[in-house]
Amino acid sequence: MVADPDVDGAGSAGLDGLARAYVRLALRLDRVVPGVLDAHLGDPADAARVAAEPAPRPDDLAREADRLRAALPTGGSRSAFLDAQLRACRVLAERAGGREFGFVDEVERSFGVRIARGEPDRYREAHRDLDVLLGGSGALPERLAAFRDGDRLAPEHLPTALGAAVRALRERTAVTVGLPPGEDVTLEVVDTAPWSGFSRWVGPRRSTITVNGGIAHRVTHLPLLVAHEAYPGHHTEHCRVAAARAAGGGRPEREVFLARTPQSLVAEGAAELGLEAVVGPGWGRWNAEVLAAAGVPTDLGRAALGEAVEEVMGRLAPVRQDAALMLHAERRPDAEVVAHLRRWLLVDEARARRMLEFLAHPRWRTHTTTYVEGARLLRPWLTGSGSDPVTARLAHVLDDPPTPEELRGGPATPAPRPGPRRAAWPPWLRRTVGGRGVLPGNR
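Below is a short write-up of the structure. Note that the coordinates shown come from a computational prediction; the quantities given were computed from them, not determined experimentally.

With that settled, consider the overall build of the protein. Within the protein, the secondary structure is distributed over 20 helices and 7 strands. The contacts in the protein between residues at least 6 apart in sequence include a share of 71% that link residues at least 24 apart. Element-wise, carbon and sulfur atoms account for 51% of the exposed surface of the protein, whose accessible area totals about 18,900 Å².

Below, the structure is given as structure tokens:
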């Protein structure tokens, strides 16, 4: 690999030069680990130049990550961010070169967190709370399944419900966090996918939010999905960063969003907590009223219960990380992993098998940690003591994400940041499957 001119004589190149070199490293990594680059918000010409280079060698990329880390100045949040990202870049390069890591070590080096199995006593406590919430008689898994079946959104109402949730959460996010003018999302429904929703940056200030129409979405879960992927989640973060860059105030290192890095863990944690931040307690009733006003049949009487059930199920999120550990670290047989998922998440075999498929996928095998540990680290940071509202703290995370190490340091009191002014609402739904129009019957 040719030496990067921004790093030669790094002492005089400055932190911006090192950050630009990191961006090029990220673009090169995407050539040897396709799909690891979630988004590039920088100059397309930079990406084109990297694409025209000879194919990079993973060993060279690992050495480049080391070289950039060694050149970083000590102290400061930017150096901490770059150091954490470059450490993960080395893992990506080494794996691309054929090196194997123990699963727990890979997660720690990639995300900056050390993971372990959850506590069954906490899971039992969550089950007891669910038992009280759901009432009735019979096995708890059957009662939970019956409650969720009653919360299902009819397929023909999915487009309307998605649009209503997007509009309402967009308004909340614009007022509380801030959105730049000209931002927009396109909603797309696909027949099948290993996930319920996925955000893809298409720029400028545009994202496509793809929703898996092959699963029966629930009324209560819909705002969590939209908040995670769009407002105030991934799309909001991307377009705020893009707007700052366009205004000349962006940092070069924020031009790339890399999966399997600490940046990804913090972003997923923020997205998981997005609905809680911009709507807060009572979001179940709020969501039901939003959908009802759009003509979607909802049961307002069940809305608060749906929110309470989701809160308890959130406490069971570490079960999915347990399953990843069982599968990749402990080498347990699939049947045992499925049984663990079924026991503690109270799901049927088909649902547990779908979870297993996601956990076993080479691209996604470590990704569950970003949801579990990201939310666990970020919640006390967002809700810690101080005069700043939670939404101001969330805006700080979106614009200048702390590292996992910084989050472990305890709740912070970031200075309030004025958000970009609110934009007019654009058209909100273009519904396609595989590039063609679709009617409900096609799904």
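Inspection of the secondary structure puts Leu 273 in the loop between helix 11 (262–272) and helix 12 (274–278). Considering only alpha carbons, one finds Leu 273 and Pro 232, 41 residues apart in sequence, at a separation of 9.2 Å. Ignoring sequence-local partners within four residues, the contact set of Leu 273 consists of Ala 375, Leu 378, Arg 379 and Leu 382.

So, on to the side chain of Thr 370. Here Thr 370 is to be found in helix 18 (residues 368–383). Apart from residues no more than four positions distant in its own chain, Thr 370 is found in contact with Phe 111, Ser 264, Leu 265, Glu 268, Gly 269 and Ala 375.

Bringing the sheet that holds strand 3 (residues 197–201) into the picture now. Neighbouring strands of a sheet are bound in pairs by backbone hydrogen bonds; such pairs are parallel or else antiparallel. Taken in spatial order, the 3 strands line up as 2-4-3 in an open sheet, and their pairing is mixed. Sheet topology places strand 2 (184–190) and strand 3 at the edges, where each strand pairs with a single neighbour. Each neighbouring strand pair of the sheet contributes to a mean axis angle of 20 degrees, computed without reference to strand direction. Of the strand pairs in this sheet, strand 2 and strand 4 (residues 206–212) are connected by 7 bridges, and their pairing is parallel. Paired with Val 190 across the strands is Asn 212, a residue of strand 4. Helix 8 (residues 158–176) contacts strand 2 and strand 4 of the sheet and is inclined by roughly 155 degrees relative to strand 2.

So, on to the packing of aromatic side chains. In this structure the tally under the stated criterion is 3 aromatic pairs. Ring centres of Phe 198 and Trp 364 lie 6.2 Å apart, and the angle between their planes is 80 degrees; on these two criteria the pair is classed as edge-to-face. Of this pair, Phe 198 sits in strand 3 while Trp 364 is found in the loop between helix 17 (349–360) and helix 18, placing the two residues 166 residues apart along the sequence. For Phe 198, a relative accessible area of 22% translates into the label partly exposed. Judged by relative accessible area, which is 11%, Trp 364 ranks as buried. Between Phe 358 and Trp 364 the ring centres are 5.6 Å apart and the planes differ by 20 degrees, which places this aromatic pair in the stacked class. Grouped by ring-pair contacts, the aromatic residues Phe 198, Phe 358 and Trp 364 constitute a single cluster.

For side chains of opposite charge, pairing can occur when their charged atoms come near one another. Evaluated as defined, the whole model comprises 38 salt bridges. Among the ionic pairs, Asp 149 bridges to Arg 152, the shortest N-O distance being 3.7 Å. Note that Arg 170 is salt-bridged to Glu 183, the shortest N-O span being 2.3 Å. Pair noted here: Arg 170 is in helix 8 and Glu 183 is in the loop between helix 8 and strand 2, with a separation of 13 residues, a long-range link. Residue class for Glu 183 comes out buried when judged on its relative accessible area of 2%.

What follows covers the pairing of strand 3. In strand 3, alternate side chains face the same way, and those of Gly 197, Ser 199 and Trp 201 are buried while those of Phe 198 and Arg 200 on the opposite face are not. The pairing of strand 3 with strand 4 spans 5 bridges and is antiparallel. Note that in strand 4 the partner of Trp 201 across the bridge is Ser 207.

Its place among the elements puts Leu 356 in helix 17. With 22 residues separating them in the primary sequence, Leu 356 and Asp 334 have C-alpha atoms 7.8 Å apart. The residues contacting Leu 356, other than those within four sequence positions of it, are Leu 327, Asp 334, Val 337, Val 338 and Leu 341.

Moving on, we come to the nonpolar core. It is characteristic of soluble globular proteins that their nonpolar side chains tend to be buried jointly. Formed by 88 residues in total, the largest nonpolar core has its most connected members in Leu 162, Leu 169, Leu 341, Leu 378 and Leu 394. The biggest single contributor to this core is helix 8, with 9 residues. Among the nonpolar cores identified, the runner-up in size contains 28 residues, and Leu 18, Ala 26, Phe 81 and Leu 92 belong to it.

Calculation criteria
- Residues numbered from 1 in each chain as written.
- Predicted model: local features only at pLDDT ≥ 70, side-chain atom pairs only at ≥ 80, totals over all residues.
- Heavy atoms only, no water.
- Helix = DSSP H or I, 4+ residues; strand = E, 2+ residues; numbered from the N terminus.
- Contact = heavy atoms within 4.5 Å.
- Areas by Shrake-Rupley, 256 points an atom, 1.4 Å probe, with all protein chains shown as cover.
- Pairing = 2+ DSSP bridges.
- Axes fitted to C-alpha atoms, helices over the stretch in contact; angles between N-to-C directions.
- Phe/Tyr/Trp six-rings, centres within 6.5 Å; stacked < 30°, edge-to-face > 60°.
- Buried < 20%, exposed > 50% of the residue type's maximum accessible area, 1.4 Å probe, protein only.
- Salt bridge = Lys/Arg side-chain N within 4 Å of Asp/Glu carboxyl O.
- Core = buried A, V, L, I, M, F, W, Y, C linked by side-chain atoms within 4.5 Å.

That is the geometry; function is a separate question.
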